[in-house]
Amino acid sequence: MSMSPAPTPKVSRAPRFPLVWVVPLIALAVGGWMVAHELRNRGPEITIDFADGSGIAADRTELHHKGVSVGTVTAVELKPNLDGVTVRVRLRQTAAAIASEGALFWIVQPEIGLSGIRGLDTLLTGPRLNVRPGNGTPANHFIGLDRTPPPELPLEGRAFILQSDQLGSLTTGAGVFYRQMKVGAVETSRLADDATAILIRIHVEAPYADLVRTNTRFWNAGGFSFKVGLLGAELKNTSLESMLSGGVAFATPSGEGGALADLAPEGMVFQVASEAEKEWIKWAPKIPLVTPEVVSEPSAQAGGGK
Amino acid sequence: MKRRHPYLRSEKLANATAFAIAAAVMLVPANFLPVLTTQTSGRSRTDTIFSGTVELWNQGLWAIAAIVFIASIVIPLLKLVGLGWLLIQARRGAMRNARQLTRLYGALDVIGRWSMLDVFLVAFLSGVVRFGVFSTVEPRSGIIAFAIAVVLTVLATHAFDPRVLWRSGSKSEPALPTL
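Residues numbered from 1 in each chain as written. Chains lettered and ligands numbered in written order. Predicted model: local features only at pLDDT ≥ 70, side-chain atom pairs only at ≥ 80, totals over all residues. Heavy atoms only, no water.

What is the right way to read the overall build of chain A from this model?
Helices and strands together make up the secondary structure of chain A, namely six helices and 18 strands. The buried share among the 306 residues of chain A stands at 37%. In chain A, of all internal contacts separated by at least 6 residues, the share reaching a separation of at least 24 is 69%. Counting only carbon and sulfur atoms, one obtains 58% of the accessible surface of chain A, whose full area is about 19,000 Å². (Helix = DSSP H or I, 4+ residues; strand = E, 2+ residues; numbered from the N terminus. Buried < 20%, exposed > 50% of the residue type's maximum accessible area, 1.4 Å probe, protein only. Contact = heavy atoms within 4.5 Å. Areas by Shrake-Rupley, 256 points an atom, 1.4 Å probe, with all protein chains shown as cover.)

Please explain the interface of chain A and chain B as it appears in this structure.
It is common to give the size of an interface as the accessible area lost on bringing the parts into contact. Tallying the contact residues gives 22 residues for chain A and 27 residues for chain B. Interface area, chain A with chain B, both sides summed: about 2,200 Å², of which 70% is carbon and sulfur. For the chain A face of the interface with chain B, the top three residues by lost area are W21, M34 and R60 of chain A, together amounting to 28%. At the junction of chain A and chain B, the tally comes to one salt bridge. Among the salt bridges present, the one from R140 of chain B reaches E38 of chain A, with a minimum N-O distance of 3.5 Å. At the boundary of chain A and chain B, one finds zero residue pairs in polar contact (both at pLDDT 80 or more). Put simply, the parts of the chain that give the side of chain A that touches chain B at least two residues each are α1 (22–40) and α2 (122–125) of chain A. (Buried area = accessible area lost by both parts, 1.4 Å probe. Salt bridge = Lys/Arg side-chain N within 4 Å of Asp/Glu carboxyl O. Polar contact = N/O pair within 3.5 Å; in protein donor to acceptor, adjacent residues only side chain to side chain.)

Got a minute to help me understand the pairing of strand β11 (residues 175–178) of chain A in this structure?
Looking along a regular strand, one sees the side chains alternate between the two faces of the sheet. Residue and element names in this part refer to chain A. Side chains G175 and F177 of β11 all project onto a buried face; the interleaved residues V176 and Y178 project onto the opposite face, where all are buried too. As defined by bridge partners, β11 adjoins strand β12 (residues 181–191) across four bridges and the pair is classed as antiparallel. Within β12, the residue paired with Y178 across the bridge is M181. In this sheet, strand β17 (residues 247–251) lies alongside β11 in parallel orientation, the contact comprising four bridges. Note that in β17 the partner of Y178 across the bridge is F250. (Pairing = 2+ DSSP bridges.)

Explanation requested: the confidence of the model for chain B in the structure shown.
It should be kept in mind that the predicted coordinates are not to be read in detail where pLDDT is low. Residue and element names in this part refer to chain B. Overall, the prediction assigns chain B a mean pLDDT of 78, with 82% of residues at 70 or greater. Mean pLDDT per element in chain B: strand β2 (residues 43–47) is the minimum at 75, and helix α6 (residues 141–159) is the maximum at 87. Within the model, pLDDT remains below 50 along residues 169–174, and this stretch shows six contacts once partners closer than five positions in the same chain are excluded. (pLDDT = per-residue confidence, 0-100.)

Whenever I open this one, unusual backbone geometry confuses me. Can you help?
Glycine aside, residues mostly have negative phi angles, and peptide bonds mostly take the trans form. Residue and element names in this part refer to chain A. One non-glycine residue, Q180, adopts positive backbone phi at about 65°. Take Q180: it is sitting in the loop between β11 and β12. Of note, A195 is a non-glycine position whose phi angle comes to about 65°, a positive value.

I tried to follow the sheet that holds strand β9 (residues 141–143) of chain A on my own but got confused; where do I start?
Paired through backbone hydrogen bonds, the strands of a sheet run either parallel or antiparallel to each other. Residue and element names in this part refer to chain A. The strand order across the open sheet formed by seven strands is β5-β8-β2-β3-β4-β1-β9, and the pairing between neighbours is mixed. This sheet does not close on itself; its edge strands, each paired only once, are β5 (104–108) and β9. Averaged over all adjacent pairs, the angle separating strand axes in this sheet is 30°, with direction ignored. Of the strand pairs in this sheet, strand β2 (residues 62–65) and strand β8 (residues 128–132) are connected by two bridges, and their pairing is parallel. Its bridge partner being in β8, H64 is matched across the sheet by N130. (Axes fitted to C-alpha atoms, helices over the stretch in contact; angles between N-to-C directions.)

When you look at the nonpolar core in this model, what are you seeing that I'm missing?
Side chains of a nonpolar character, in soluble globular proteins, are inclined to be buried together. Grouped together as the largest cluster of nonpolar side chains are 45 residues, with contacts concentrated most on M26, L86, F146 and F160 of chain B. Of all elements in the fold, only α1 of chain A together with α1 (7–32), α3 (62–92), α4 (98–112), α5 (117–128) and α6 of chain B reach the threshold of two or more residues within this core. Here this core takes twelve residues from α1 of chain B, the largest share from any one element. Apart from the residues within four sequence positions on either side, F160 of chain B is in contact with L13, A16, L86, L87, A90, Y105 and L165 of chain B. Ranked by size, the runner-up nonpolar core spans 23 residues in total, among them F160, L162, V204 and F270 of chain A. (Core = buried A, V, L, I, M, F, W, Y, C linked by side-chain atoms within 4.5 Å.)

What is the right way to read the packing of α3 of chain B against α6 of chain B from this model?
Residue and element names in this part refer to chain B. Two elements in contact, α3 and α6, have axes separated by 11 Å at closest approach and are oriented at 35°. In terms of crossing hand, the pair formed by α3 and α6 is left-handed. Residue-level contacts link S72, P76, K79, L80 and L83 of α3 to F146, T153, V154, A156 and T157 of α6. Considered class by class, the residues forming the contact of α3 with α6 number six nonpolar, three polar and one charged. (Left-handed = near helix turned anticlockwise from the far one by under 90°. Nonpolar A, V, L, I, M, F, W, Y, C, P; charged D, E, K, R; others polar.)

How do you make sense of the packing of aromatic side chains when you look at a structure like this?
Residue and element names in this part refer to chain A. As enumerated under the stated definition, the model contains nine aromatic pairs over all chains in all. Taking the centre distance of 5.1 Å and the plane angle of 40° together, the rings of Y178 and F250 count as tilted. A residue pair is termed long-range when its members are at least 10 positions apart, and Y178 in strand β11 and F250 in strand β17 qualify at 72 residues. When sorted by exposure, Y178 lands in the same class as F250, which is buried. (Phe/Tyr/Trp six-rings, centres within 6.5 Å; stacked < 30°, edge-to-face > 60°.)

What's the story with α1 of chain A in this structure? I'm lost.
Every α-helix carries 3.6 residues per turn, so stepping three or four residues along brings you back to the same face. All names here are of chain A. Across its 19 residues, α1 extends 26 Å between first and last C-alpha, which sits within 8% of the 27 Å expected from 1.5 Å per residue. For α1, the complete set of buried residues consists of P24, A27, G31, M34 and E38. The arc that holds every buried residue of α1, seen down its axis, measures 90°, which confines them to one face. In α1, the exposed positions that point more than 90 degrees away from the buried face belong to L25, L28, W33 and R40. (Expected span 1.5 Å × (residues − 1). Arc of directions from axis to C-beta.)

Is there a simple way to think about the pattern of salt bridges in this case?
Where side chains of opposite charge bring their charged atoms close, a pairing between them can arise. Residues and elements named next belong to chain A. Using the criterion set out here, one finds eight salt bridges over all chains in the structure. Residues D83 and K79 are paired through a salt bridge, measuring 3.9 Å at the closest nitrogen-oxygen approach. Given the relative accessible area of 48%, D83 is considered partly exposed. According to the relative accessible area criterion, K79 is buried, its value standing at 19%. Connected through shared salt-bridge partners, E45, E77 and R88 make up one network.

Set out below in structure tokens:
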């Protein structure tokens, strides 16, 4: 039996840099990326002072804007002078622009009123913070509102001031009616400086603002009255909406010879009567309204007008 | 060419070291990044391993908190420290306490299998707790880092050959190639 010579073994040197050392490098890269990714999503931290912080909890309560979470409360602290709480909120990076001067913060809690139900989900979730971004210079400290601010108003239309003896049902959100159609809403109401009347700021939407003239009469349209007399029963005529949620109605007289009075300027003050006089209801002046639908017709746009 | 120690064995030491270092690196994001987000009836809460343990403790679930704490924080750390100690000793070569070190290796091998508890917990919760608006659990990036770290420690333990602990400690022997 002849033996073939044993094959010479291949001797390879240990590589100077074993391939396995790539593993910690990859780990470093992946770990670093994860941490960087997490840090990048973090926006600035802001503080908001509230008079009352019931239900706000660190790590749980979220800050919302337009229904989307834009940050989370990281801490709730009592103010040093004990008259309120300071809430720290970590914003998301994409929402960092919210933290600018003029931003409004408020706490959303379930609100059940005659004008509707709002924030019902917070019954289950607990309160959340809401923000309306500001447009000033960047800031990181804010004073929170103690109630929901009036809704953002459309740019068009005009605001007027009403003077009333009693607030009645003219709280924020109550309607302003013309011929029982809602053409505006109550913005805010407050006591006059000398406490002799209630001042109510209303806003009438764009095409309908022209209905308000210098001689327009306003009256309280909330509630209903029911009179029973010898000749039968009489129910005061209001719309169901204003009956439930309150509001103010107005009518404009047709002037002498059909001429209308001048347009009421922005901020004009009117008195509110507690009840409409019979003739006010009958007023039916012709007032031209330019409705937005007409303006936005394709033919009008094609003409390049406006 | 006279080699008392096969090349393979020393490379295994390098493997184990590399995996151990990688595991140590991954433990940083695993412990600092959130591992899960729980949403219960709209309230959302994001937890790291540690904050989750604290929350369990605060809720009075001491036993579970202790288990999670041991399985997710103590064991991975102990494993890495023990492994590091073994690797340093093996590199030095002089083994007077080879028996104890081998016991330590055995212990590390046994406890290693318990450290995936967290990953299973998160995977289980994310899969089961899906009640829409009422309750959901979502895994976050930290748990991935944690799982990678655990896998790497397991790889490191298995790449470590306890026989290197039993070499005679004579200085005349070729030292293990330095890396």
